[in-house]
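Residue-level structural notes
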Amino acid sequence: MFLKNLFILFLLNFTIGCALTTTEGNINSKKIEGKFSMFSEDTYLSGKISIANQNELSQIKINLKNYPKTFLITEIRKKDLKKYKHNFNESYEQTTVKSLIEEISIFEFSKWLKEKCNLSECESFKTKNVLISKKEFYEDNKLKKIIGNYKSFKFAVIF
């Protein structure tokens, strides 16, 4: 069991290290793009992620490897209410990703991503089941990597 977890952690770091990074505009733009990996003891997911914000509308678009379909979750905010629309199926992997995204709130998460800080002072993003930390910046102080935990999953996003 320990060796399996160690292998999965190595695989995640290798995948992240070899991933090409893409950022549309910069971290202050309304659209942020990157690559992500998410794994537990028996599940591994990876793909591309795009986060966009408009006035009362936020969206996360996900392209999972091995799935030809692009998945979209839209968060509509009116005052203190949030409503989600999505095109996910009910497979285990897709439901897990959808639940994570709904728990972090797309708008709050993207706002946190854009906050300027240095690594010694960056606050973690926390909800009931989610803990995400900023781990690395590019030389021009743009965010490069975040890592997190969600229930039994670990994940990383490279921008």
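Given the structure is predicted, the values throughout are model-derived calculations rather than measurements. (Residues numbered from 1 in each chain as written. Predicted model: local features only at pLDDT ≥ 70, side-chain atom pairs only at ≥ 80, totals over all residues. Heavy atoms only, no water.)

1. A few points about the packing of aromatic side chains
Under the criterion given, the structure shown has three aromatic pairs. Aromatic side chains phenylalanine 109 and phenylalanine 125 sit 5.7 Å apart centroid to centroid with 80° between the ring planes, which places their arrangement in the edge-to-face category. Linking phenylalanine 109 in helix H3 (residues 106–114) with phenylalanine 125 in strand S6 (residues 125–126), this pair joins segments that are 16 residues apart in sequence. Here phenylalanine 109 matches phenylalanine 125 in class, with each residue buried. Taken together, the aromatic side chains of Phe109, Trp112 and Phe125 make up a single cluster linked through ring pairs. Over the ring of tryptophan 112 we find lysine 134, and its NZ or CZ is 4.9 Å from the ring centre. (Phe/Tyr/Trp six-rings, centres within 6.5 Å; stacked < 30°, edge-to-face > 60°. Helix = DSSP H or I, 4+ residues; strand = E, 2+ residues; numbered from the N terminus. Buried < 20%, exposed > 50% of the residue type's maximum accessible area, 1.4 Å probe, protein only. Lys NZ or Arg CZ within 6 Å of the ring centre and 35° of its normal.)

2. Re the pattern of salt bridges
Summed over all chains, the structure comprises seven salt bridges. Lysine 144 is the partner of glutamate 136 in a salt bridge, and the nearest nitrogen-oxygen pair spans 3.2 Å. Residue classification places lysine 144 among the partly exposed positions, given a relative accessible area of 24%. Its salt-bridge partner being glutamate 136, residue lysine 145 comes within 3.9 Å of it at the nearest N-O pair. Salt bridges here are not isolated pairs; linked through shared partners, they connect Glu136, Lys144 and Lys145. (Salt bridge = Lys/Arg side-chain N within 4 Å of Asp/Glu carboxyl O.)

3. Quick notes on the state of the cysteines
Considering all chains together, one arrives at one disulfide under this definition. Each sulfur in the disulfide pair cysteine 117 and cysteine 122 lies 1.8 Å from the other. For the disulfide bridge between cysteine 117 and cysteine 122, the dihedral angle about the S-S bond is near 90°, and by the sign convention the bridge is right-handed. For the pair formed by cysteine 117 and cysteine 122, the shared burial category is buried. (Disulfide = S-S within 2.5 Å.)

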